[in-house]
Amino acid sequence: METTTIPTELEGYWKQLDCGFPRVGPVFPDCMREALAKLSKEGVDAYIENASFLGKMGRGAEPILIFLEEWPQVAKTLGENTLPAIMECIHKMWKSPNGKAITPFLQSLPATARRLHSREQIRDYLDIVTGFMERTTGSIHGIHQTFPSPGLPEFFKHIPVLLGQLSLAGLRSWVDYGVRYYNDHPDRQIDYFTLQSADSRAVLQRERHGTLLVDNERKLDMYLRGLWNEENLLIPYSTAYDILRQPIPYYDKLGIRLPDVYNDFISPLPQAGEGLGVRGVKKDGQQRVTGIDRYRAVLAHIAGHRRWTKAIFADNFSPFQRMAVEFLEDSRVEYLAMREYPGLRRIFMALHPIPAEDACDPELESGLRHRLAMLSRAILDPQHTYQNPYIVEFARRFHVSMQQSEMSTQEIADLAIAFVAKTRRQSDQLAKIHFKDTVVDYRDDNRQMWKFIEEGDEEEAFDEPRKIEPGEELKGLPPRHYHEWDYHNQSYRPDWVSVYEGLHPNGNATDIDRLLAKHSALAKRLKKMLDLLKPQDKVRIRYQEEGSELDLDVALRSLIDYKSGATPDPRINMSHKTSGRNIAVMLLLDLSESLNEKAAGCDQTILELSQEAVSLLAWAIEKLGDPFAIAGFHSNTRHDVRYLHIKGYSEGWGDTVKGRLAAMEASYSTRMGAAMRHAAHYLEKQQADKKLMLILTDGEPSDVDSKDGRILIEDTRQAVKELDQQGIYTYCINLDPKADEYVKDIFGKQYTIIDQVSQLPEKLPQLFISLTK
C-alpha cells in the first residue's frame, strides 16, 4: 500500500489528527494550508480536534473528508464560533439512530452558509434540524429511540433548494407541516422531504418569498390588456425542481408560461448617462428591479413577439444561424416595444447582462454565443463600450435599418446570417461554449418564430394543433382542490381535498311519484301553509322614466312646472312588482354508508326516509317558486370526495330530477367541510337576498384517513364560518340521536336534531317553511 507523505511543517497536525483512512492523507496538506490561512490558532486546533472525532465515529471516510475540505470556507462565512453548535448537532445525530444523516448534513453546510450569514441564523437552523430529528426518530416501546428519521437525510440533500426559496420562518413552517402529517408514514415522509409530493410543493409555494405569479396574476393580466391589447392565460411553471434543465418563459396556443416566482433582481448600475431600472434603488453600485417588473419585462418581450414576429422556415438554417437569428429578432421586438413605450428601456437595460469583451478565450471556448450577447447589449445600449469592429458595425446597421422601417423577421434573419459569416472562427466548433453573462432570462425560448417543412426527431412542429393524448376520451370534470382547516396549528392545509363532481345516475321517476302519493294528506296540509307564504301583495314603484302606466300625481306636478317655466320631472311613470320572497336554497345530502341502516322503530332505511323527505321538500320549494338545487356527497379519503348533482338551479322539478333522486345510493364516509365549500361555489352565484344551505346528515364528519376524530369536525366548523362570511346561512338537520355531542360545536344554534327519523318526511318541509317565513 502506498504511504502518505506529509510535509514536515504539517506532521504535528497529522499526528494530532490520528486518521487511518488512506483517502485522507493525499488531501490533508492542501486542506491544512487553507485552514492555516483562514483560521485563527484556536480555530485550527478546533478544526483538527473535531476532524479527528469525525474520523473515529465509525461512519467511514466521508464525514472527515467533507469537514476537512469545507470547514475553512464555511468558517470564513459563518464565523469560527459557530463550530461548537454544529458539532453539538452532529453529536446528537451520532448518539441517535440517525448516523447516516451526518454525511448529507456536512455536505449541505456550504450551501447553508451562503444563505445564513449570522451565528443567530445558523442556531435557528440547527434548532429546526434537531427538532425535526427528535420528532421523527422512532421508538418501539417509547423509551429508547430505535428507528432513524426517514426524511432527515433527504431534507439535507434538498436544503440548497429550500434555503434558496424560503426564509428560516418559512422553512420551519414547511418542516413542521411535513413532520406533523407524515410522522406515521415513512414513505410519505420521504416523498414530502424530497419535494416529490403535491402537498410538499403546495406548502413550499405558500411559504416562498419573492413575487409570486399567483398573487399578481390579475395585475399582470390588466397590464397585458391595457398596454398590449393582449388576452392570454398566464400559466406558472416551477423553477424549484428542475435545476438542471432551467426552464425559461415561452408561449403557445394554451397561454403564456412564466416562472411561478421572481425574486428582486440586483444588477450593476449601467454606464454613465443611463437611468435606473424601474423602481431601482442605488446601493453600493447596484440597482434593484422588483419581481413584478421582471414579470412585466417578460410579458412585454412576449407581447412584442406576438405582435411583430412572423414565423419563418428553419430547415435551411444551421444551429449557429438559428441562434443568431433569435438573438437579433429578440433585439428587434424589444426595439419596437421601447419605441412604443420608452420607459421599458430602463428595465431591459437593468436585466440584460453585460458580457465583458475579453471574457471569452477563443482558443479554448466557442465564442459565438458570447459575441451575439455583446451585439444584443450593444443594440440595447447606445453608450456601450465595446471596441470589436463587427459589434460596432452591426449594431449601427441594425439601428439604421430600424430607423428606415420596422424590418421583418426575414430581413433580420438576413442581417444575423451576415453577422455569423463575418465573425466566424474555427473555434466556434469547440464543444465548450462560453455561457457567462449570455443568458437573458426575461426572453422566451423563441419556439414560435420557427416553422418546419419536414418534421424530424430533433424538431417539434409548434404550429401543429395540440391533440389529446392517446387513450380514452376525457370524461367528467377535473377535480377541484379545496383547503382543509388544521386546528392543531390553526392554519389551512393547502389543496388538501380533491372533490370530483358529476351528475347523479338516473332511476325510475315513478318511484318518487309514488312517495308523494303516499304522503298526499301531508301534502295537502303543507299546501295550505305554502299558500300563506306565497307573495300576494303588489307594490307600486313610482318615479320611473319608463313604466307600465302613467303616475297622474307626478305627471300633473311636471305639467305645472313646465307651464311655470321650471324644469319638469321626467319620471312620470310607474310600475308594479309583487312583494315577496327572494331566497335561494341549496339542499346538501349526506350519502354516507350509515344511511343504509334501518331507522329506529321503522322498517325503512334512513336513506328511504330521506328520499321521501327530500321529495316533499322539493315539491314544497317548487310550489313557492324559490330557486333551489339538490346535491349529495360522500368521501373515500381526502383524495376522493364525490359531489353528485341531483337538481341544478336551472332545472325544473320534473321526471329527470325525480329519476336521479330515486336512484340515490349511500356509501363511504362523510367529509362534510369540502362538500359544503363546493356547494357554496354554486349557491353564492345566485342573485338572492337570502341564501340558505340545508345540510341533511345522520352523523358527524368523518373519513377513513382521519385518525383524529376532531379534525374534520373543526374543519366543518371553519367551513360554516367561511360560508357565513360569504353571506350564506347554513342550517343542519341531523338524524343522529347523539348529535348533541358535536353538532353545536359546528353549527352553533343553527341546527335541529330529529330523534325520530320516521318523522323526517313531515318535519323537514315544515322546518324549511319556518326558516323562510
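Residues numbered from 1 in each chain as written. Predicted model: local features only at pLDDT ≥ 70, side-chain atom pairs only at ≥ 80, totals over all residues. Heavy atoms only, no water.

A. A look at the overall build of the protein chain. Counting its regular elements, the protein chain contains 28 helices and 22 strands. Taking all 773 residues of the protein chain together, the buried fraction comes to 50%. Across the protein chain, every contact between residues at least 6 apart in sequence was considered, and the portion connecting residues at least 24 apart equals 70%. (Helix = DSSP H or I, 4+ residues; strand = E, 2+ residues; numbered from the N terminus. Buried < 20%, exposed > 50% of the residue type's maximum accessible area, 1.4 Å probe, protein only. Contact = heavy atoms within 4.5 Å.)

B. Quick peek at the packing of helix α14 (residues 291-308) against helix α16 (residues 344-351). Contact pair α14 / α16: the axes reach a minimum separation of 10 Å and the direction vectors enclose 105 degrees. Classified by the interaxial angle, the pair formed by α14 and α16 is roughly perpendicular. When α14 is examined against α16, the residues Asp 293, Arg 294, Ala 297 and Ala 300 are found in contact with a partner set consisting of Leu 344, Ile 347, Phe 348 and Leu 351. Looking at the contact of α14 with α16, its residues break down into six nonpolar, no polar and two charged. (Axes fitted to C-alpha atoms, helices over the stretch in contact; angles between N-to-C directions. Parallel < 35°, antiparallel > 145°, perpendicular 65-115°, else oblique. Nonpolar A, V, L, I, M, F, W, Y, C, P; charged D, E, K, R; others polar.)

C. Representation of helix α5 (residues 83-95) within the structure. The first and last C-alpha atoms of α5 sit 18 Å apart over 13 residues, in line with the 18 Å expected at 1.5 Å per residue. Turning to α5, its buried residues are Leu 83, Ala 85, Ile 86, Met 87, Cys 89, Ile 90 and Met 93. Lining the buried residues of α5 we find α3 (41-55), α4 (62-78), α6 (102-115), α7 (119-136) and α8 (152-157). (Expected span 1.5 Å × (residues − 1).)

D. Inspection of empty space enclosed by the protein at higher detail. Applying the stated criterion to the full structure yields three cavities of 30 Å³ or more. Estimated volume of the largest cavity: approximately 40 Å³. Lining the largest cavity are Ile 66, Phe 67, Glu 70, Trp 71, Val 74, Leu 106 and Leu 109. At the level of secondary structure, the elements contributing two or more residues to the lining of the largest cavity comprise α4 and α6. With five residues, the top contributor of residues to the lining of the largest cavity is α4. Residues that form the lining of the largest cavity fall into these classes: six nonpolar, no polar and one charged. (1 Å grid on protein atoms, 1.4 Å probe; cavity = no way out; pocket = protein on both sides within 12 Å on 5 of 7 lines; lining within 4 Å. Points joined across faces, edges and corners; volume = space filled by probe spheres on them.)

E. The arrangement of the packing of aromatic side chains in detail. Here the structure, examined in full by the defined rule, presents 26 aromatic pairs. Ring plane angle 65 degrees and centroid distance 5.7 Å describe the contact between Phe 317 and Trp 450, whose orientation is recorded as edge-to-face. Of this pair, Phe 317 sits in the loop between β10 (312-313) and α15 (319-340) while Trp 450 is found in strand β11 (residues 450-451), placing the two residues 133 residues apart along the sequence. Taking relative accessible area as the criterion, Phe 317 reaches 15% and is therefore assigned buried. Here the aromatic rings of Tyr 643 and Tyr 682 are separated by 6.4 Å at their centres, their planes lie at 20 degrees, and the arrangement is stacked. Separated by 39 residues along the polypeptide, Tyr 643 in strand β19 (residues 641-647) and Tyr 682 in helix α25 (residues 672-683) bring together distant segments of the chain. By relative accessible area, Tyr 643 is classed as buried at 1%. Over the aromatic face of Trp 450 sits the side chain of Arg 322, whose NZ or CZ is 5.3 Å from the ring centroid. Across the ring face of Phe 313, the terminal group of Lys 451 is positioned such that the distance to the ring centre comes to 4.7 Å. (Phe/Tyr/Trp six-rings, centres within 6.5 Å; stacked < 30°, edge-to-face > 60°. Lys NZ or Arg CZ within 6 Å of the ring centre and 35° of its normal.)

F. Looking closely at the sheet that holds strand β20 (residues 690-697). Read across the open sheet, the eight strands follow the order β12-β13-β19-β18-β17-β20-β21-β22; overall the sheet is mixed. Looking at strand neighbours, the two that pair on one side only are β12 (480-486) and β22 (751-753), the edges of this open sheet. Within this sheet the neighbouring strands show an average axis-to-axis angle of 25 degrees, counted without direction. Relative to strand β13 (residues 491-503), β12 is paired through six bridges, and the arrangement is antiparallel. Each residue of the ladder has a partner; that of Glu 484, found in β13, is Arg 493. The sheet contacts of helix α10 (residues 168-182) involve β12 and β13, and relative to β13 the element is tilted by about 60 degrees. Against the sheet, helix α28 (residues 760-771) makes contact with β17 (583-590), β20, β21 (728-734) and β22, and its axis sits at roughly 160 degrees relative to β20, the strand it touches most. (Pairing = 2+ DSSP bridges.)

G. Region of the structure containing unusual backbone geometry. Although it is not a glycine, Asp 437 adopts a positive phi angle of roughly 60 degrees. Tracing the sequence through the fold places Asp 437 in the loop between α19 (409-423) and β11. For Thr 637, which is not glycine, the phi torsion reads 75 degrees and is therefore positive. Mapped onto the fold, Thr 637 is located in the loop between β18 (628-635) and β19.

H. Focus on the packing of α15 against helix α17 (residues 368-380). Packing of α15 against α17 brings their axes to within 10 Å, and their N-to-C directions diverge by 15 degrees. Between α15 and α17, the angle falls in the class roughly parallel. Viewed along their axes, α15 and α17 form a crossing whose handedness is right-handed. Counting all contacts with α15, which are made through Phe 320, Met 323, Ala 324, Phe 327, Leu 328, Ser 331 and Met 338, the residues of α17 involved are Leu 368, Arg 369, Leu 372, Ala 373, Leu 375, Ser 376, Ile 379 and Leu 380. Along the lines of polarity and charge, the residues of the contact of α15 with α17 split into twelve nonpolar, two polar and one charged. (Left-handed = near helix turned anticlockwise from the far one by under 90°.)

I. A look at α15. The terminal C-alpha atoms of α15 lie 32 Å apart, and with 22 residues this matches the ideal 32 Å at 1.5 Å per residue to within 8%. With 17 of 22 residues buried, α15 lies mostly within the body of the structure.

J. Here's a closer look at the environment of Asn 506. Relative to the helices and strands, Asn 506 resides in the loop between β13 and α20 (509-518). The exposure class assigned to Asn 506 is exposed, which follows from its relative accessible area of 59%. Through-space distance from the C-alpha of Asn 506 to that of Ile 646 is 9.2 Å; in sequence the pair is 140 residues apart. Contacts of Asn 506, omitting those with residues within four sequence positions, involve Thr 656, Gly 659, Arg 660 and Ala 663.

K. Spatial organisation of the layout of surface pockets. Size it by volume and the second largest pocket reaches roughly 540 Å³. Taken together, 22 residues form the lining of the second largest pocket, with Tyr 181, His 185, Arg 493, Asp 705 and Lys 707 sitting closest to its centre. Mapped by element, the contributors of at least two residues to the lining of the second largest pocket are α10, β13 and α26 (711-725). Residue contributions to the lining of the second largest pocket peak at four residues, all from α10. Of the residues contributing to the lining of the second largest pocket, the split by class is six nonpolar, six polar and ten charged.

L. Looking closely at the side chain of Arg 332. Inspection of the secondary structure puts Arg 332 in helix α15. By relative accessible area, Arg 332 is classed as buried at 1%. For Arg 332, the side chain forms a polar contact with the main-chain oxygen of Glu 406, separated by 3.4 Å. Every residue in contact with Arg 332, bar those within four places of it in the chain, is listed here: Trp 308, Thr 309, Phe 398, Met 402, Glu 406, Met 407, Ser 408, Thr 409 and Ile 412. (Polar contact = N/O pair within 3.5 Å; in protein donor to acceptor, adjacent residues only side chain to side chain.)

M. Representation of a negative patch on the surface in the model. Taken together, the side chains of Glu 700, Asp 740, Glu 741 and Asp 755 define an acidic patch exposed on the protein surface. Among the structural elements, Asp 740 can be located in the loop between β21 and α27 (743-747). The class for Asp 740 is exposed, based on a relative accessible area of 55%. (Patch = residues over 30% accessible without salt bridge, like charges linked within 9 Å, V, L, I, M, F, W, Y side chains within 5 Å. Areas by Shrake-Rupley, 256 points an atom, 1.4 Å probe, with all protein chains shown as cover. Salt bridge = Lys/Arg side-chain N within 4 Å of Asp/Glu carboxyl O. Lys, Arg positive; Asp, Glu negative; His and termini not counted. Charge placed at Lys NZ, Arg CZ, Asp CG, Glu CD.)

N. Molecular detail of the pairing of β19. The element β19 is largely enclosed, with a buried count of six among its seven residues. The pairing of β13 with β19 spans five bridges and is classified as parallel. Looking at the pairing, Val 499 lines up with Val 641 of β19. As defined by bridge partners, β18 adjoins β19 across six bridges and the pair is classed as antiparallel. What sits directly across from Ser 635, in β19, is Val 641.

O. Quick peek at the sheet that holds strand β6 (residues 255-259). If you trace the three strands from one edge of the open sheet to the other, you get β4-β6-β5, paired in mixed fashion. The open sheet terminates on both sides in strands that have one partner only, identified here as β4 (234-237) and β5 (250-252). Direction aside, neighbouring strands of the sheet carry axes that sit 30 degrees apart on average. The sheet contact formed by β4 and β6 spans four bridges and is parallel. Along β6, the bridge assignment pairs Ile 235 with Arg 257. Across the sheet, helix α13 (residues 213-228) lies against β4 and β6, angled at about 145 degrees from β4, the strand it touches most. Docked against the sheet, α14 engages β4, β5 and β6, running at close to 150 degrees with respect to β6.

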